[in-house]
Amino acid sequence: MTRRARLSSIAATILVLLVDVGGLFAQGAPHTEYDIKAAYLYTFGRFVEWPPRGASRDAANFAICVLGVDPFGAALDATLAGATMRGKKVVGKRIVTPKDALDCHVLFISASEERQLDAIVRALDKTDILTVSDIPKFAERGGMIQFITAGQRVRFEINLAVAQDAGLSLSSDLLKVASAVRRDRRPAE
Amino acid sequence: MGTVLHAALVDLTAAVRLAVIAVTFLLAMLPAFALAGPPENDQAGAPRLTELSLEQLGDLEVTSVSKQPEEVWRTAVAVYVITQDDIRRSGATSIPEILRLAPGIEVARIDSDHWAVGVRGFGDQFSKSLLVMIDGRSLYTPLFAGMYWPAHDALIEDIDRVEVIRGPGGTIWGANAVNGVVNIITRSAAETPGMLMSIGSGNIDRGAAALRYGGGNGSSLNYRAYGKGVSRGPQFHSDGSRFDDWWMSQAGFRTDWQDAAGQSLTLQGDVSRGSHGQRVSITSHSPPAMIAADGALDASGVNLLARWQRDFTPTRGFRLQGYFDRTSWSAPNFGETRETFDIDFVHHQTLARRHSLTWGAGARQSPSRFIQTIPTLDFTPHRETGSIYSGFAQDEMLVRRDRLWLTVGSKLEHNNYTGIEMEPTARLLWIPRSGQTAWAAVTRAVRTPSRIERGIVSRSLTRAVAAVPVFLDLVGNPDFSAERMTGYEAGYRTLVAPQLYLDAAAFHNRHEGLSSFGLLSGATLESSPPPVHAVVRVSYVNGVSGSSDGFEISPDWRPRQWWQLKGSYSYVRFDLVTTPGSIDVNAVARYEGASPHHQVRLQTRVDLPRGTEIDGAYRYVSALPALLVAGYHTADARIGWRVSSRVDLSVSGQNLLQPHHAEFAHSPGPAVEISRSVYAALTWRPASGRP
């Protein structure tokens, strides 16, 4: 390669860098799918009323839990750092079995638990935990909120009957934004 | 086109300067990190995600949708998923280098453009008995039963994940999925919108450039097109030669259409060209001589694939796929052109909630032509059409609700060499409780003969005895039959603690009829053509049997939210014997001693504020006594900086612990040693035009 070609390739590199410098800090950091899902888990809490439950739940914290193999990586803790919900400190927790979920307000069920989903749904029956997952057909199989990734955007679907049976009340604003609202009960045993 | 690109890319000086610029730029920005506030408030005026409304969250565009490996957690297969994030943070720039990330797979770089890849042993130059696919298109070459790695590439940024399956997978994937299966899956066009430009340069990967544009309406119809070019320099040669420099360029497209009723249509294709430098031995008859010739294998390829998928309900659907693939190789000592037409149908349905039934059928026709370029290497016949017809059925039965599943099935396959082959499997999956999975499997797999074993006619000069030259003739064996393997496997996955996962798998494989050399006739004196010479004739035979055993353990630990540690230890041992009739006394040593018995890998990934990533990897590979290759330790490191949502910068170093080390043998000549390398890359995503 000639010296000129070499110089022009360096110049091109610098140009690429310079042209974009204006845009470097203008835009927010990029959001991965799980950054957005983590934010949803928190935001859902603002649109849900939990029934009073006395001492059976940690009074100081609002717990958002992940059951199974954690897909969030650092995203969940980074999103929740310093966040509060109705005066309570928001904490992220990882749990291994549904039995550990009783302290949780919001429970995200990892795709690793797909085969166990029916058992998990049964174990959580009659508990006031908002269940969320991206497992396909989650809302149909007895879950409350299912993430749907359409193109480059993350939306969600709600099964209202399941949430109501658990004693949760979902605000109409939440239902309005949902891509779909189902009203079927949990599948018969 | 290739030559122009080549000329534009090849210049070591420019490469080094570019690297210096990138490093300087990174260093210059370091104080900015130091002065930066906490990571969550890094954009003045940009609200935190938790402050957004539901509508705003729903409108955010996701920069990377990554299929997570969580879903494989509950499968009765030893599978490891390498995600796009893993690939990016490894600094790997080619498919075989990416495979180093998976446990139980051995990747040895022979020279700059050749790799020997094995799964659970059996690493060899042709990566025999390993089935590799990109988006359902087989890259396996029937010419020598394996992979010719430098001819296959993809836009690395568009790879969604690489699934590495250890152990036999014949029931689903058919013949040649014996030791393992590698599935490279690219993102759908909906997941790659907008423009992406990336350039990189270093001392081995001298120059690389890629451009991709994705468009569409963001929901039902999307497309992308890309082009890339890479030029790589030679590795270290103790004799000062530089024959293994190479370049390749590739372009392609993908269109995805889907409707609301669960129907999707994909059309994709690629064209590629490359020139891969190599040194081969060429024997001439008169005068009797064997010379090492440096030259290039020029490869070109074109492929087109269409896939129609329809899910009537979540429990019932089908997939119909067809592809055409054409490859053309021209090397200093041979040439081949091959066309492949493949059609494949799979249907799945859940019956009575207890049975999940999958069945399918496929056909492949693969006409090929061998082009003889030197008198001492030929294949007979020159033209041959490979054909495969297959059908399979498998049922996953729920034995105990939420706890126990049994999968049984078989493939029935007819090929033009060995007729009908059966590849049955039985797999048991047990989930004793949440967070634990145990599985066991018995599977039979076959490797069907390749053209080399059936039809090669080659002559090489061994030595002269009392001034009489002795030639070794290797001729194909029309009776060479399939290599057969029965694999017994078991595995266990557990969440030891909420942030500590452990995956372990063990295997005992029984091999029958592995290929070795058999003697056809001892030294016979021949006078024609002159001069007087002796000829020893050998052929391929199914001359080695026995077993291999081993295990892999791979923990994955995240001690802090910003720090992840991954590791793996892989062990394999062999117990092989030469069957009566085979004279190949070295065959057993070759199988046992050409794969590392121990491999260790450790990776650390640290996320610092402001999108800075620091990654490191260490690996140990034990010796290959059959190839006189010593065991080695080495390490890779990478610093990545996500400057903004549009710009990524990274500098990575590979094989850092020594100036150069050998990983495999090279024939002819001394082993080529793999150099320490440094590579700087810049990725730029200009704002997408889409609303």
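Residues numbered from 1 in each chain as written. Chains lettered and ligands numbered in written order. Predicted model: local features only at pLDDT ≥ 70, side-chain atom pairs only at ≥ 80, totals over all residues. Heavy atoms only, no water.

> Provide a residue-level description of the overall build of chain B, including the pertinent values.
Summing up its helical and strand segments, chain B has 8 helices and 34 strands in all. Computed over the C-alpha atoms, the radius of gyration of chain B is 26 Å, within 12% of the 26 Å expected from 2.2 N^0.38 for a compact globule of 691 residues. Counting only C-alpha atoms and orienting by the principal axes, one finds that chain B spans roughly 90 × 65 × 45 Å. Here chain B holds 691 residues, and 57% of them are scored as buried. Restricting to contacts in chain B with at least 6 residues of sequence separation, those with at least 24 account for 62%. Total accessible area computed for chain B in this model is approximately 26900 Å², and 62% of it derives from carbon and sulfur atoms. Positive and negative charge centroids in chain B, built from 65 and 67 side chains respectively, lie 2 Å apart. (Helix = DSSP H or I, 4+ residues; strand = E, 2+ residues; numbered from the N terminus. Rg over C-alpha atoms; globule rule 2.2 N^0.38 Å. Buried < 20%, exposed > 50% of the residue type's maximum accessible area, 1.4 Å probe, protein only. Contact = heavy atoms within 4.5 Å. Areas by Shrake-Rupley, 256 points an atom, 1.4 Å probe, with all protein chains shown as cover. Lys, Arg positive; Asp, Glu negative; His and termini not counted. Charge placed at Lys NZ, Arg CZ, Asp CG, Glu CD.)

> Quick one: what's the story with the overall build of chain A, residue by residue and with numbers?
Within chain A, the secondary structure is distributed over 6 helices and 10 strands. A separation of at least 24 residues holds for 62% of the contacts in chain A among residues at least 6 apart in sequence.

> Break down unusual backbone geometry for me, with residues and values.
Residue and element names in this part refer to chain B. In this structure, proline 529 follows serine 528 across a cis peptide bond, with omega equal to -10°. Relative to the elements of secondary structure, proline 529 occurs in the loop between β25 (500-526) and β26 (533-560). In the segment running from serine 667 into proline 668, the intervening peptide bond is cis, with an omega of 0°. With respect to the helices and strands, proline 668 occurs in the loop between β32 (660-662) and β33 (673-675). Phi is positive for alanine 145, which is not a glycine, with a value near 60°. In this structure, alanine 145 sits in the loop between β5 (137-138) and β6 (159-166). Located in the positive-phi region is arginine 610, a residue other than glycine, with phi close to 60°. Topologically, arginine 610 is positioned in the loop between β28 (598-608) and β29 (612-621).

> Any details on the state of the cysteines? Residues and values, ideally.
Joining two cysteines, a disulfide is a covalent bond between their sulfur atoms. Residue and element names in this part refer to chain A. This model, assessed by the stated rule, comprises 1 disulfide over all chains. Between cysteine 65 and cysteine 104 runs a disulfide, and the two sulfur atoms are separated by 2.0 Å. Between cysteine 65 and cysteine 104 the sulfur-sulfur dihedral comes to about -100°; the bridge is accordingly left-handed. Of this pair, cysteine 65 sits in strand β2 (residues 61-67) while cysteine 104 sits in the loop between β4 (88-95) and β5 (106-109); the two residues are 39 residues apart in sequence, bridging distant segments of the chain. Under the relative-accessibility criterion, cysteine 104 is labelled buried at 0%. (Disulfide = S-S within 2.5 Å.)

> Outline the confidence of the model for chain A, listing residues and values.
Residue and element names in this part refer to chain A. Mean pLDDT over chain A stands at 81; residues scoring 70 or higher make up 80%. Across chain A, the element-wise mean pLDDT spans from 48 in helix α1 (residues 3-24) up to 96 in strand β6 (residues 130-133). Between residues 14-28, whose pLDDT stays under 50, and residues either more than four places distant or in other chains, the model counts 21 contacts. (pLDDT = per-residue confidence, 0-100.)

> Can you explain the environment of B:Ser284? Please cite residues and give values.
All names here are of chain B. By the element assignment, serine 284 lies in strand β12 (residues 263-284). Owing to a relative accessible area of 29%, serine 284 belongs among the partly exposed residues under this scheme. Linking serine 284 and arginine 459, residues 175 residues apart in sequence, is a C-alpha distance of 8.6 Å. At 2.8 Å, the side chain of serine 284 forms a polar contact with the backbone oxygen of proline 287. (Polar contact = N/O pair within 3.5 Å; in protein donor to acceptor, adjacent residues only side chain to side chain.)

> Tell me about the sheet that holds β5(A), and please be specific about residues and values.
All names here are of chain A. Spatial strand order, β3-β4-β2-β5-β6-β7-β8-β10: 8 strands in an open sheet with mixed pairing. Strands with a single pairing partner mark the edges of an open sheet, and in this sheet they are β3 (84-85) and β10 (180-182). Pairing between β2 and β4: 7 bridges, direction parallel. Looking at the pairing, cysteine 65 lines up with lysine 93 of β4. (Pairing = 2+ DSSP bridges.)

> Give me the environment of A:Arg155: which residues, what numbers.
Among the structural elements, A:Arg155 can be located in strand β8 (residues 153-159). The class for A:Arg155 is partly exposed, based on a relative accessible area of 30%. Considered as a pair, A:Arg155 and A:Phe108 are 47 residues apart in the sequence and their alpha carbons are 15 Å apart. Once residues within four sequence positions are removed from consideration, A:Arg155 is found in contact with A:Tyr40, A:Gln146, A:Phe147, A:Ile148, A:Ser179, B:Gly58 and B:Asp59. Looking at A:Arg155, its side chain comes within polar contact range of the side chain of B:Asp59, at 3.3 Å.

> Tell me about helix α2 (residues 33-45) of chain A, residues and numbers included.
With 13 residues, α2(A) extends 19 Å between its outermost C-alpha atoms, agreeing within 8% with the 18 Å of an ideal straight helix rising 1.5 Å per residue. In terms of residue burial, α2(A) counts as a mostly covered element, since 13 of its 13 residues are buried. (Expected span 1.5 Å × (residues − 1).)

> Explain the sheet that holds strand β4 (residues 130-134) of chain B to me, and be specific about the residues and the numbers.
All names here are of chain B. Spatially, 5 strands are ordered β1-β6-β7-β4-β5 in an open sheet, and the strand pairing comes out mixed. Two strands close off the open sheet at either side, each with one partner strand: β1 (78-83) and β5. Sheet analysis places β4 next to β5, joined by 2 bridges and oriented antiparallel. When the bridges of β5 are listed, methionine 133 appears paired with serine 138.

> So what about the nonpolar core? Which residues, and what values?
Soluble globular proteins tend to pack their nonpolar side chains together in the buried interior. Judged by nonpolar contacts, the single largest core of 43 residues is most densely connected at A:Phe44, A:Leu130, A:Phe156 and A:Leu174. Of all the elements, α2(A) adds the most residues to this core, at 8 residues. Dropping the residues within four chain positions of it, A:Leu174 is found in contact with A:Phe44, A:Phe47, A:Val48, A:Ile145, A:Phe156, A:Ile158 and B:Leu54. Core analysis: the second largest hydrophobic core is formed by 29 residues, B:Tyr80, B:Ala92, B:Ile159 and B:Val162 among them. (Core = buried A, V, L, I, M, F, W, Y, C linked by side-chain atoms within 4.5 Å.)

> Hey, could you go over the side chain of B:Gln394 for me, with residue numbers and the actual values?
Within the element layout of this structure, B:Gln394 appears in strand β18 (residues 383-400). Once you skip the residues sitting within four places of it in the chain, B:Gln394 turns out to touch B:Thr171, B:Ile172, B:Ser356, B:Leu357, B:Thr358, B:Thr407, B:Val408, B:Gly409 and B:Thr425.

> Which residues make up the side chain of B:Ser652, and what are the values?
Residue and element names in this part refer to chain B. Its place among the elements puts serine 652 in strand β31 (residues 647-654). For serine 652, a relative accessible area of 3% gives the class buried. Look past the residues within four positions of serine 652 in its chain and what remains in contact with it is Gly91, Ala637, Arg638, Ser677, Val678 and Tyr679.

> Break down the confidence of the model for chain B for me, citing the residues and quoting the values.
All names here are of chain B. Mean pLDDT over chain B: 88, with 91% of residues reaching 70 or higher. Here residues 1-45 is a poorly scored stretch, pLDDT under 50, and it has 62 contacts once near neighbours within four places are set aside; other chains count. Interface confidence in the predicted complex, given as ipTM, is 0.78; pTM for the same model is 0.84.

> Got a sec to walk through a nonpolar patch on the surface? Specific residues and values, please.
Residue and element names in this part refer to chain B. The grouping of Leu221, Trp257, Leu265, Trp308, Leu320 and Ile343 at the surface amounts to a nonpolar patch, some 510 Å² of accessible area in total. Structurally, the position occupied by leucine 221 is in strand β10 (residues 221-232). Using a relative accessible area of 40% as the deciding quantity, one classes leucine 221 as partly exposed. (Patch = residues over 30% accessible without salt bridge, like charges linked within 9 Å, V, L, I, M, F, W, Y side chains within 5 Å. Salt bridge = Lys/Arg side-chain N within 4 Å of Asp/Glu carboxyl O.)

> Which residues make up the packing of aromatic side chains, and what are the values?
Aromatic rings considered in pairs are described by the distance between their centres and by the relative angle of their planes. Here the structure, examined in full by the defined rule, presents 27 aromatic pairs over all chains. When the ring of A:Tyr34 is compared with that of A:Phe72, the centres are 5.2 Å apart and the planes differ by 90°; the resulting orientation is edge-to-face. Of the two residues, A:Tyr34 sits in helix α2 while A:Phe72 sits in the loop between β2 and α3 (75-80), which places them 38 residues apart along the sequence. Look at A:Tyr34 and you get buried, because its relative accessible area is 9%. A residue is classified by how much of its surface remains accessible, and A:Phe72, at 5% relative accessible area, is buried. Between B:Phe517 and B:Tyr540, the ring centres sit 5.3 Å apart and the planes meet at 40°, which makes this aromatic pair tilted. Here B:Phe517 is found in strand β25, whereas its partner B:Tyr540 is found in strand β26, with 23 residues between them in sequence. The rings of A:Tyr34, A:Tyr40, A:Phe44, A:Phe72, A:Phe108, A:Phe147 and A:Phe156 are connected pair by pair, giving a single aromatic cluster. Over the ring of A:Tyr34 we find A:Lys37, and its NZ or CZ is 4.7 Å from the ring centre. (Phe/Tyr/Trp six-rings, centres within 6.5 Å; stacked < 30°, edge-to-face > 60°. Lys NZ or Arg CZ within 6 Å of the ring centre and 35° of its normal.)

> Lay out the pairing of strand β2 (residues 105-111) of chain B with the relevant residues and their values.
All names here are of chain B. Taken across its 7 residues, β2 has 7 buried, putting it largely inside the fold. Where β2 lies against strand β3 (residues 114-119), 6 bridges are found, and the strand directions are antiparallel. Pairing of glutamate 106 across the sheet is with glycine 118, part of β3. Turn length for the β2-β3 hairpin, with the two strands adjacent in sequence and antiparallel, is 2 residues.

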